Amino acid sequence: MTEFWLISAPGEKTCQQTWEKMNLATINPNNLSTNHKFNIPDLKVGTLDILVGLSDELAKLDSFVESVVRKVAQYMADVLEDSRDKVQENLLANGVDLITYIIRFQWDMAKYPIKQSLKNISDIISKQVTQIENDLKARASAYNSLKGNLQSLERKNVGNLLNRSLADIVKKDDFVLDSEYLTTQLVVVPKSNYADWQKTYETLSEMVVPRSTKLLFEDQENGLFSVTLFWKAIDDFKHKARENKFMVRDFQYNEEEMKADKEEMTRLSTDKKKQFGPLVRWLKVNFSEAFIAWIHIKALRVFTESVLRYGLPVNFQAMLLQPNKKNAKKLRDVLQDLYKHLDSSANVIDASMDIPGLNLSQQEYYPYVYYKIDCNVLDFK
């Protein structure tokens, strides 16, 4: 399972005892979860008023940072297009996979100095992740625009003869060019109507050059024919052709335009390749940064909530449980029995009740501090 339960309970005689008691209850006899101690350093407590306000702020920050983690991961999947199996190997935190990072979590003293107040640490994380989100928007917008322009040009070269670009199909020799009187038109004819075309094209209007048609290209359904006629007969010819289910394509042979289109496509393709590497590297680095920030927020929340619930001096054990999928409900019951003495009202508390200092934005409230961490940050469509 990629889901973890981050919980805390007050220290008994020692925090080690709290850990052993929980471990014993969940591992024997049913192996309900895999458990790890979750190390939170000695953070500055501050005043109760500050903790109460911070509890609500951290809940919002938690949701925001998680949303940025998911956005970066999803965009990585979008950018890596054909190699989504590679996405997972790029979604690392501090160079290791997400589960390993959470299990071995160590507070990053350099990034988030514990001599700072809890509020300051939360502000550092908020600024850092807001910057990542803003950078992501800018980079994604530039890359998507490039990719969109390239796809739009590529789309012109695929599809059927009724709507695809004809530039790479026809040659200069297929046209009468620079004539004051004559023009070559390109007509799409369904394969089932070839015989009709050959019989009728000379008489669709006046001034069609006899025996001037030539089959230039075929796709699965249609053929592309050229035909030469006088300029003045064009409108009448187009009208009659349409009545006979022949479609005259609006195409002028222009070498300079065609060359410019090819060059534009080459340029866009080169730019996309140039941007791809640095963009994937940026996503990799900043996914790691955002995910690390997110787990630090979880640590801050456990610390804040534990002090509010269990009081001072600070004495609690934070524990990370990885539930065995089939036994999640049983695990919940065991924890309920183990910790129900902490709060007699905790059996059922309505999450819509607003109790200062107790953040109930999650749908359930338990007698122990509880936060869920879901490592499955990718929503593959």
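Each value, and the rule that gives it
Residues numbered from 1 in each chain as written. Predicted model: local features only at pLDDT ≥ 70, side-chain atom pairs only at ≥ 80, totals over all residues. Heavy atoms only, no water. Helix = DSSP H or I, 4+ residues; strand = E, 2+ residues; numbered from the N terminus. Rg over C-alpha atoms; globule rule 2.2 N^0.38 Å. Contact = heavy atoms within 4.5 Å. Lys, Arg positive; Asp, Glu negative; His and termini not counted. Charge placed at Lys NZ, Arg CZ, Asp CG, Glu CD. Polar contact = N/O pair within 3.5 Å; in protein donor to acceptor, adjacent residues only side chain to side chain. Buried < 20%, exposed > 50% of the residue type's maximum accessible area, 1.4 Å probe, protein only. Pairing = 2+ DSSP bridges. Axes fitted to C-alpha atoms, helices over the stretch in contact; angles between N-to-C directions. pLDDT = per-residue confidence, 0-100. Core = buried A, V, L, I, M, F, W, Y, C linked by side-chain atoms within 4.5 Å. Salt bridge = Lys/Arg side-chain N within 4 Å of Asp/Glu carboxyl O.

(A) Highlighting the overall build of the protein. Helix and strand counts for the protein come out as nine helices and eight strands. Here the C-alpha radius of gyration of the protein, 34 Å, is well above what a compact globule of 381 residues would show, namely 21 Å. Along the first, second and third principal axes, the C-alpha atoms of the protein reach 105 × 40 × 35 Å. Taking as baseline every contact in the protein between residues at least 6 positions apart, the subset at least 24 positions apart corresponds to 80%. Charged side chains in the protein number 51 positive and 52 negative. The centres of these two groups are separated by 4 Å.

(B) Molecular detail of the environment of Lys37. Within the secondary structure layout, Lys37 lies in strand E2 (residues 33-37). Considering only alpha carbons, one finds Lys37 and Phe217, 180 residues apart in sequence, at a separation of 70 Å. Aside from chain neighbours lying at most four places away, what touches Lys37 is Gln16, Trp19, Ile103, Gln317 and Ala318. Here Gln16 takes part through its side chain, which lies 2.4 Å from a polar atom of the side chain of Lys37.

(C) Main features of the environment of Phe237. Relative to the helices and strands, Phe237 resides in helix H7 (residues 234-243). With relative accessibility at 1%, the residue Phe237 sits in the buried group. Spatially, the C-alpha atoms of Phe237 and Val248 are 8.9 Å apart, while their sequence positions differ by 11 residues. What Phe237 contacts, discounting residues up to four positions off in sequence, is Val187, Trp197, Tyr201, Leu204, Ser205, Val208, Val227, Leu229 and Val248.

(D) Examining the sheet that holds E2 more closely. Read from one edge of the open sheet, four strands run E2-E7-E1-E8, paired in antiparallel fashion. Because the sheet does not close on itself, it has two edges, and the strands there are E2 and strand E8 (369-374). Strand after strand, the sheet turns through a mean of 25° between neighbouring axes, direction not considered. As defined by bridge partners, E2 adjoins strand E7 (residues 316-323) across five bridges and the pair is classed as antiparallel. When the bridges of E7 are listed, Lys37 appears paired with Met319. Each of strand E1 (3-10), E2, E7 and E8 is contacted by helix H9 (residues 328-339), which is oriented at about 5° to E1, the strand it contacts most.

(E) Layout of the confidence of the model for the protein. Looking at the protein as a whole, the pLDDT averages 91, with 93% of positions reaching at least 70. For the stretch residues 348-352, pLDDT sits under 50, and the model shows six contacts to residues farther than four places along the chain or on other chains.

(F) Seen up close, the nonpolar core. Ile7, Ile125 and Phe291 are the most contacted members of the largest nonpolar core, which totals 80 residues. A per-element tally of this core places helix H8 (residues 255-310) first, with 18 residues. Contact partners of Phe291, with chain neighbours within four places excluded, come to Val69, Ala93, Leu98, Tyr101, Ile102, Cys375 and Val377.

(G) Inspection of the side chain of Gln185 at higher detail. With respect to the element layout, Gln185 can be found in strand E3 (residues 182-190). Among residues more than four places away in sequence, those in contact with Gln185 are Phe225, Ser226, Val227, Leu229, Ile234, Lys238, Val248 and Arg249.

(H) Representation of the sheet that holds strand E5 (residues 222-230). Strand order in the open sheet formed by four strands is E4-E5-E3-E6, and the pairing between neighbours is antiparallel. Of all strands in the sheet, those bounded by a partner on one side alone are strand E4 (214-218) and strand E6 (247-249). Geometrically, the sheet is characterised by an average inter-axis angle of 35° between neighbouring strands, direction not taken into account. Bridge count for E3 against E6 is three bridges, and the pairing is antiparallel.

(I) Molecular detail of unusual backbone geometry. The omega torsion across Leu312 and Pro313 is -5°, close enough to zero to call that bond cis. With respect to the helices and strands, the residue Pro313 is situated in the loop between H8 and E7. The backbone of Asp178 sits at a positive phi, close to 55°, despite the residue not being glycine. Of note, the phi angle at Arg211 is positive, near 50°, even though the residue is not glycine. As for its position among the elements, Arg211 is in the loop between helix H6 (194-200) and E4. Classification of Arg211 as exposed rests on a relative accessible area of 77%.

(J) Quick look at the pattern of salt bridges. Enumeration over the complete set of coordinates arrives at 20 salt bridges. A salt bridge links Lys298 to Asp62; its shortest N-O distance comes to 2.9 Å. Here the residue Lys298 occupies a position in helix H8, and Asp62 occupies one in helix H2 (residues 48-79), the gap between them amounting to 236 residues. For Lys298, a relative accessible area of 3% puts it in the buried group. Taking the relative accessible area as the measure of exposure, Asp62 reaches 3% and is therefore buried. Here Asp236 ties to Lys240 by a salt bridge, and the two come within 3.4 Å at their closest N and O atoms. Pair noted here: Asp236 and Lys240 are both in helix H7, with a separation of four residues, about one helical turn.

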